[in-house]
Amino acid sequence: MDGSMNSLDDVSAASSADFPDRTSMMEVRLQTQEDEITLLKSSLADALRRLRLHDQLLPLLKQQLITVNPAAARVLNQVGCPEGCTNSRKLSPSSAHPASSQVPNSTATTENGHAGTSLSPELRPSRAPLTLDRSTQTEPTAQGQGQDRVPVLGLTRAVQSLQLEDALLPEPLADSGGSRARLHRVQGLEEDEEEVEEEEEEAGVEQETKEMNWTSSVEEPIRPTTLRSLQREGDFRTAQEEVGGSASPQSPPPPAAKDQSPGQRAAGGALSPIQEGDKKLLVRRNSEKLSKDTLEKTKKRLDKKAASSANLLTRSPSLENRAKELIASASPSPGSPGSRRATYSQGQSIKMFIRGRPITMYIPSNIQNYEELKMEPPSEKLELDWVYGYRGRDCRANLYFLPSGEALYFIACVVVLYHVSNRTQRHYRKHSDCVRCLTLHPDKVRVASGQAAGVDKDGKPLQPCVHIWDSSTLVTLQQIGAGAFERGVGSVAFSFADSGAFLCVIDDSNEHMLSVWDCSKGTKHTEVKSTNEAVFAVEFNPDDSTNIITCGKSHVYFWTLTAGQLTKKQGIFGKYKKPKFIQCFVFSLTGEVLTGDSEGNILTWGKSAADVKTLGKGAKETFQIMRQTRAHEGSVFTLCNLQGGALLSGGGKDRKIIRWSADLAPERECEIPENFGAVRTIADVDGEELLVGTTRNAILRGTFSDGFVAIVQGHVDEMWGLATHPSQDIFLTCGHDRQVCLWNTEEHKLDWSTTLMEEYGLCADFCPNGSVVSVGLNTGRWLVLDLQTRELVSEFIDGNEQLSVMRYSPDGSFLAVGSHDNFIYIYTVTECGRRYTRFGKCNGHSSFITHLDWSKDGNGIMSNSGDYEILYWDVAGGCKLLRNRFESKDREWASYTCVLGFHVMGVWLEGSDGTDINALCRSHSEKVVAVADDFCKVHLFQYPCPKLKAPSHKYEGHGSHVTNVCFTHNDSHLLSMGGKDTCILQWRVGKARGMGDSRERLTSASSTSSPEPATG
């Protein structure tokens, strides 16, 4: 079945190449599939015909046996005519007593006057049991032919259910040199055969065949029960001869009555083997005697039918193997869990199964013994060099400035320590999923970071937890709450009054459980349900660790910890409008609580005495709004205390940073550029210089006087497009945020970015001369941009569906554009990549294009599609599909990004469903291949890796599916790109020696430096 599917892909793709539209292509595929089915039906009909020939020869052979040994009539009567048979099959009175009629020992005369030679001692063959071997089954030869020994015909061939292998038996019926025996035509079985024969037979032969009356009115073909009975009788007779000796040659066999039909005579005697001299031409009763010419014509007709079936088989060389593999491929073999498995076939191809779909990989000629190939992990390993991006779009209070001069923030699964002046990075990488929150200990050294739960590759939830670690050594000091939190950790805070002895955690469950933990012991102190509404922040009162405040959607709660129990009081808004969100809060030097809300106000909260007059003696003190200050247009996203009691506030809609005096009088303000988004969080550096995290995932550095410049930038939505420059240390990315960004791998910074109007980029590739880059968009449009001026050089539209791959040929003379409309568009490239002309279109895939690569000579393409199809194209020859994929097995490829192919078959994990690998990239040295999977991992394999379960190095860091990977031009670095985590990781490629164990590197620090970027 798997081979048949592959052939269907080849034939269908080739046929559809002549039609321009998808409807015609599908019609052609349907027609070719019908042709393929016709081939199989013809083969099956041929096998059925041969089986019918053998079965219909049995009555003829029975007649010959009775002629040779009339005593067999008695046995056949006992076996073939049991009690209850019809009157037409009953024996006549004379046949009931075969011993009453005597004939000479030498001959027995048939009813047609033909003599049958009896068995003489010198002609009797050695005793041997009857056989079921089809190779020994032969037809009786005509009278007057040579005296070659006729093999014994096995009469005990049981009627079996037709197996698929029988439909493909290529050998014709054995012919011992004489004319073929005539067949019984059994009513109901010959109709299908006649329909096929009518197209092949000549008029004369057809007429003669119609005139033949093969079956007597009193004859029926021997039934399976009769065959089995004959076998038992023959075995019993043979056993008697072995024990008591052979029968006397002088004892005459019982003669057959003249008026007996062959079927009646068959029931009157025991079976006897056919002898060499018994080569009489047998003529059936009630049938015309066939002439020699008629026999020859019949033989020619049957030979012609056999040759026709053989031609049908040879039309598809793998057809025989396909049918034989059908049953094996239909169900996974034992011990092969999952949907990805492979079978090795005859040293020429290997079949890989993904979601039940067979994919044939042809073994290159330079691999002599596939089974002896040994897969080893590559000698190269990866070390995290740089992290591009910052998570500010949906997280709060996640930017701190350490005394070491480092900015502390996170993205994906990595907590980054970025030295602002030296432009170096260190990375804390012990988290197994996305980091969601961060806080700094009062000692300014220890850090607590909480992560989301996430899921593993099997869909099982991972346990969220909080890590307490040392920022100077990156050593984990305590892991808190593994298994105690649900979904993830939303907010964390250290206590201040007791030097950080406690940690408060709010998880992401529906009840937003608030818990307090002992930091030194890692044990839970208390826990309580917080609220069903979203919670944005939590903090201890800096002067009293028994007081905790939380805020979020439409609430601010004041918590009191007493005797291990938490009680809360809700802030009373009173006469003030209740905002939809309380976004943030801080404690003033006087102990008051200041909150920023979605209405743009800063509210000052204080404790008021109990209203005994109104509420009675049981009244308690409450927290009410003491003052409302209008601060920003839109939300107040962050508040930050400065030394001396001053306050900083960051606005949303107005993107302003305002400095307030201790009594909330505005002192200074500035506005950050619009392209960076709103202010998300602020960190004080030295009272004058500030770090600002924005909602568009940027970190700005500056002052009110000098303004702000970006020191960290990143995408803000899912990314897919990634391309590296052919000769420079730069790369380009694009994603759903409509940004096209050019990055510098040496300086670790963004060189430039441009924003598309309404579309977004999904794929890109640099022209080999390095002057322009092509970007494919989600609408079928693609752009060519100048790297120096960022100007639009050209733009084209191919189809109305998204583009998935752009790839220049090695010499830059062609550009291939893969689309989700199932086509590959080919363009000729001239004028150093500035002029493009449509050359042709590769039409043949039955699903959207996912990956493609050019051959080193620039004449061919290998492509993958969404239905796990591998096709090869002759571009130079007119974008023609190469029907025989076997001929492309030794072709060398300029790049290797196709996820399906013989050289990268080993990258697929056990149980993969076909979508688990998003991208791969072979290094330019052709030594390793990097793989981006759907489980947040980057893998490094040796190249080639053509055997399943190939070992690899595995690297963590991304918090979402890894969408793309790519090596730099000199293989010094590997770039990997996350999807939803908006993170770009730059890995340094090096030898294993001196780099430590891969698993150890995942959790250890890495430090890299970069020159100071230009400001302005």
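Quick note: structure is the one above.
None of these values were measured; they are calculated from a predicted model. (Residues numbered from 1 in each chain as written. Predicted model: local features only at pLDDT ≥ 70, side-chain atom pairs only at ≥ 80, totals over all residues. Heavy atoms only, no water.)

Caption draft 1: Fine view of the side chain of Ser865. Inspection of the secondary structure puts Ser865 in strand β48 (residues 860-865). The buried category is assigned to Ser865, whose relative accessible area is 3%. Engagement of the side chain of Ser865 in a polar contact is seen with the side chain of Asp867, the distance being 2.4 Å. Those residues in contact with Ser865 that sit more than four places away from it in its chain are His845, Ser847, Phe848, Ile849 and Thr850. (Helix = DSSP H or I, 4+ residues; strand = E, 2+ residues; numbered from the N terminus. Buried < 20%, exposed > 50% of the residue type's maximum accessible area, 1.4 Å probe, protein only. Polar contact = N/O pair within 3.5 Å; in protein donor to acceptor, adjacent residues only side chain to side chain. Contact = heavy atoms within 4.5 Å.)

Caption draft 2: Fine view of the sheet that holds strand β11 (residues 435-440). Judged by pairing direction, the sheet is antiparallel, and its four strands sit side by side in the order β11-β12-β13-β14 without closing on themselves. Each end of this open sheet is capped by a strand with a single partner; those strands are β11 and β14 (476-480). This sheet shows a mean twist of 20 degrees between the axes of neighbouring strands, independent of strand direction. Bridging between strand β13 (residues 466-470) and β14 involves four bridges; their strand directions are antiparallel. Looking at the pairing, Ile468 lines up with Gln478 of β14. (Pairing = 2+ DSSP bridges. Axes fitted to C-alpha atoms, helices over the stretch in contact; angles between N-to-C directions.)

Caption draft 3: Summary view of the packing of aromatic side chains. One pass over the structure, following the stated rule, counts 27 aromatic pairs. Ring geometry for Tyr370 versus Phe902: centroids 6.0 Å apart, planes at 50 degrees, classification tilted. Taken together, the positions of Tyr370 in the loop between β5 (357-362) and β6 (380-388) and Phe902 in the loop between β50 (880-881) and β51 (917-922) put the pair 532 residues apart, joining distant regions of the chain. We note that Tyr370, like Phe902, is buried. Their ring planes at 55 degrees and their centres at 6.2 Å tell us that Phe558 and Trp605 sit as a pair that is tilted. Highlighted residues: Phe558 in strand β21 (residues 555-562) and Trp605 in strand β25 (residues 601-608), separated in sequence by 47 residues. Through successive ring pairs, a cluster of aromatic residues spans Trp782, Phe796, Tyr808, Tyr827 and Tyr836. A cation over a ring is seen here: Arg396 above Phe536, with NZ or CZ 4.2 Å from the ring centre. Residue placement shows Lys568 over the ring face of Tyr557; its charged tip is 4.1 Å from the ring centre. (Phe/Tyr/Trp six-rings, centres within 6.5 Å; stacked < 30°, edge-to-face > 60°. Lys NZ or Arg CZ within 6 Å of the ring centre and 35° of its normal.)

Caption draft 4: Fine view of the nonpolar core. Among the nonpolar cores identified, the biggest contains 46 residues, and Leu382, Val387, Leu399, Tyr409, Phe967, Leu974 and Trp987 are the most heavily contacted of them. Here Trp987 is in contact with Leu382, Glu383, Leu384, Asp385, Arg429, Val938, Tyr955, Glu956, Ser972, His973, Leu974 and Ser976, once residues within four sequence places are set aside. (Core = buried A, V, L, I, M, F, W, Y, C linked by side-chain atoms within 4.5 Å.)

Caption draft 5: Spatial organisation of the pairing of strand β55 (residues 962-967). Within β55, six of the six residues are buried, which leaves it mostly tucked inside the rest of the structure. Bridge count for β55 against strand β56 (residues 973-978) is five bridges, and the pairing is antiparallel. Bridge pairing links Val965 to Ser976 in β56. Hairpin connection of β55 to β56: five residues between the antiparallel strands, including Asp971 at a positive phi of 60 degrees.

Caption draft 6: Representation of unusual backbone geometry. A cis amide bond, omega -5 degrees, links Tyr943 with the succeeding residue Pro944. Looking at the secondary structure, you find Pro944 in the loop between β53 (938-942) and β54 (953-955). The backbone of Cys936 shows a phi angle near 70 degrees, a positive value even though the residue is not glycine. Position of Cys936 among the secondary structure elements: in the loop between β52 (928-933) and β53. The class of Cys936 is buried, set by a relative accessible area of 17%.

Caption draft 7: Expanded view of the pattern of salt bridges. Following the criterion strictly, the structure yields 29 salt bridges and no others. Close ionic contact of Glu527 with Lys524 constitutes a salt bridge, the shortest N to O distance being 3.2 Å. Residue classification places Glu527 among the partly exposed residues on the basis of a relative accessible area of 34%. The shortest N-O distance in the salt bridge between Lys656 and Glu669 comes to 3.3 Å. Of the two residues, Lys656 is situated in strand β29 (residues 656-660) and Glu669 in strand β30 (residues 666-671); the sequence distance between them amounts to 13 residues. The network of salt bridges with shared partners includes Lys856, Glu892, Arg922 and Glu926. (Salt bridge = Lys/Arg side-chain N within 4 Å of Asp/Glu carboxyl O.)

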